[in-house]
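# Fold and geometry: a report
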Amino acid sequence: MRTAINLSRIWIGLTLLSLVTACGDGKKDIRDYYFPIRDLKEGLVYEYRAVGSERLGPVYWYYRSFFQPEGVFLTGTYYEQSLEPLQLVREEAVSNGMLLAELYLYMQDSTGKAQPLKAEVLAGNSFPFEVKDSSSLFLYKVRFDLPSDSVKHSITVIKNRYYMGDTTVQVMGKTIPCVKFKVKEAIEDEIADQGVLEPETDGYELYAEGLGLVYFEKKLGRQRVAYRLHDRYDMEELVKLLGDGPAGSTE
């Protein structure tokens with residue numbers, strides 16, 4: 001039995017990850033444009049709302065950082081309109097960027113219960129602390145082997161990012177400095193003996209100083225989907241908005 005999966009949901013979640021770092025002379029330090037790890041020890045929800053589309057509801061990411069003897073880590077759990085987790089990510093801070101340590105999707109089994117599906121990380125870096133110019137290519141690649149009773153079925157997400165320079169963005173009533181990345185993405189949906197479907201998209205992302213990812217956009221043909229950071233607040237506020245309590249946790 002082939003497992004149904006929402007590719008747009010994968011994109012919204014995975015958009016919030018992924019760049020391969022590079023370092024060398026003449027590069028700009030942009031670590032302050034990633035999520036403020038030191039300010040996230042108690043955890044914060046980032047609420048993103050769709051731009052120009054009332055039919056798309058908000059998405060929520062709960063970020064929390066951990067300072068442990070073995071390293072510094074940032075975790076994130078992705079939610080939509082309920083407190084059932086849809087995605088879980090764990091990143092490690094290293095000298096030149098953030099490394100993707102673990103990535104899970106949550107998929108419903110035949111009983112309706114959400115089960116974690118672990119990704120194979122093929123290019124595991126999340127964000128570079130140093131960039132140069134648009135000639136620099138940053139690669140992200142993960143693969144999910146989907147459960148199936150009959151045929152082998154896998155999804156591979158590949159993103160090529162290009163640093164496009166500095167700009168500003170209007171977020172939560174303020175104009176804030178940010179860095180811009182152009183994004184070219186392909187999702188390979190491979191089923192044994194049936195070939196590979198590879199939808200390709202273009203888009204871009206904005207990371208604001210002191211906040212992290214504040215805007216992301218994707219274009220597929222004439223269709224455009226974009227999300228902007230609307231607010232930040234603690235998990236208790238999200239519980240009030242969506243339900244009695246989270247079904248999953250990044251702790």
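Because the structure is a prediction, the values reported are computed rather than measured. (Residues numbered from 1 in each chain as written. Predicted model: local features only at pLDDT ≥ 70, side-chain atom pairs only at ≥ 80, totals over all residues. Heavy atoms only, no water.)

### Examining the overall build of the chain
When you go through the chain residue by residue, the secondary structure sums to 2 helices and 17 strands. Relative to its 251 residues, the chain shows a buried fraction of 47%. By sequence separation, contacts in the chain at least 24 residues apart represent 55% of the contacts at least 6 residues apart. On the chain, roughly 12400 Å² of surface is accessible, and the fraction owed to carbon and sulfur atoms is 46%. (Helix = DSSP H or I, 4+ residues; strand = E, 2+ residues; numbered from the N terminus. Buried < 20%, exposed > 50% of the residue type's maximum accessible area, 1.4 Å probe, protein only. Contact = heavy atoms within 4.5 Å. Areas by Shrake-Rupley, 256 points an atom, 1.4 Å probe, with all protein chains shown as cover.)

### Topic: the nonpolar core
Ranked by size, the top nonpolar core spans 54 residues in total, and within it Phe35, Tyr48, Phe181 and Val214 carry the most contacts. Excluding residues that lie within four positions of it along the chain, Val214 makes contacts with Tyr48, Val169, Val171, Leu206, Ala208, Tyr227, Arg228 and Leu229. Within the second largest apolar cluster, 9 residues are counted, among which are Tyr62, Met235, Leu238 and Val239. (Core = buried A, V, L, I, M, F, W, Y, C linked by side-chain atoms within 4.5 Å.)

### What about unusual backbone geometry?
Non-glycine residue Met172 carries a positive phi angle of around 50°. Inspection of the secondary structure assignment puts Met172 in the loop between β12 (153–171) and β13 (174–191). You can call Met172 partly exposed: its relative accessible area is 38%.

### Describing the pattern of salt bridges
Taken as a whole, this structure holds 11 salt bridges when the rule is applied. With a shortest N-O distance of 2.7 Å, Arg49 and Glu47 are connected by a salt bridge. The residue Arg143 makes a salt bridge to Glu120 at a minimum N-O spacing of 2.5 Å. Taken together, the residues Arg143 in strand β11 (residues 137–146) and Glu120 in strand β8 (residues 120–123) connect sequence positions 23 residues apart. Residue Arg143 is classed as partly exposed on the basis of its relative accessible area, which comes to 28%. (Salt bridge = Lys/Arg side-chain N within 4 Å of Asp/Glu carboxyl O.)

### Quick notes on the packing of aromatic side chains
Under the counting rule described, the total for this entry stands at 16 aromatic pairs. Each ring, one from Phe127 and one from Phe181, has its centre 6.2 Å from the other, and the planes form 70°; the classification is edge-to-face. Of this pair, Phe127 sits in strand β9 (residues 125–128) while Phe181 sits in strand β13, placing them 54 residues apart in sequence. Taking the ring centre of Tyr204 as reference, the NZ or CZ of Lys180 above it sits at 4.4 Å. (Phe/Tyr/Trp six-rings, centres within 6.5 Å; stacked < 30°, edge-to-face > 60°. Lys NZ or Arg CZ within 6 Å of the ring centre and 35° of its normal.)

### Some words on the confidence of the model for the chain
Looking at the chain as a whole, its pLDDT mean stands at 84, while 85% of the residues score no less than 70. Strand β2 (residues 44–50) holds the highest mean pLDDT among the elements of the chain, 97, whereas helix α1 (residues 7–14) holds the lowest, 52. Within the model, the stretch residues 16–24 combines pLDDT values under 50 with 45 contacts to residues more than four positions away or in other chains. Below pLDDT 50 for its whole length, residues 245–251 participates in 23 contacts with residues either more than four positions away or in separate chains. (pLDDT = per-residue confidence, 0-100.)

### Things to note about a negative patch on the surface
On the surface, Asp231, Asp234, Glu236 and Glu237 cluster together into a negatively charged patch. Within the element layout of this structure, Glu236 appears in helix α2 (residues 235–242). Residue classification places Glu236 among the exposed residues on the basis of a relative accessible area of 52%. (Patch = residues over 30% accessible without salt bridge, like charges linked within 9 Å, V, L, I, M, F, W, Y side chains within 5 Å. Lys, Arg positive; Asp, Glu negative; His and termini not counted. Charge placed at Lys NZ, Arg CZ, Asp CG, Glu CD.)

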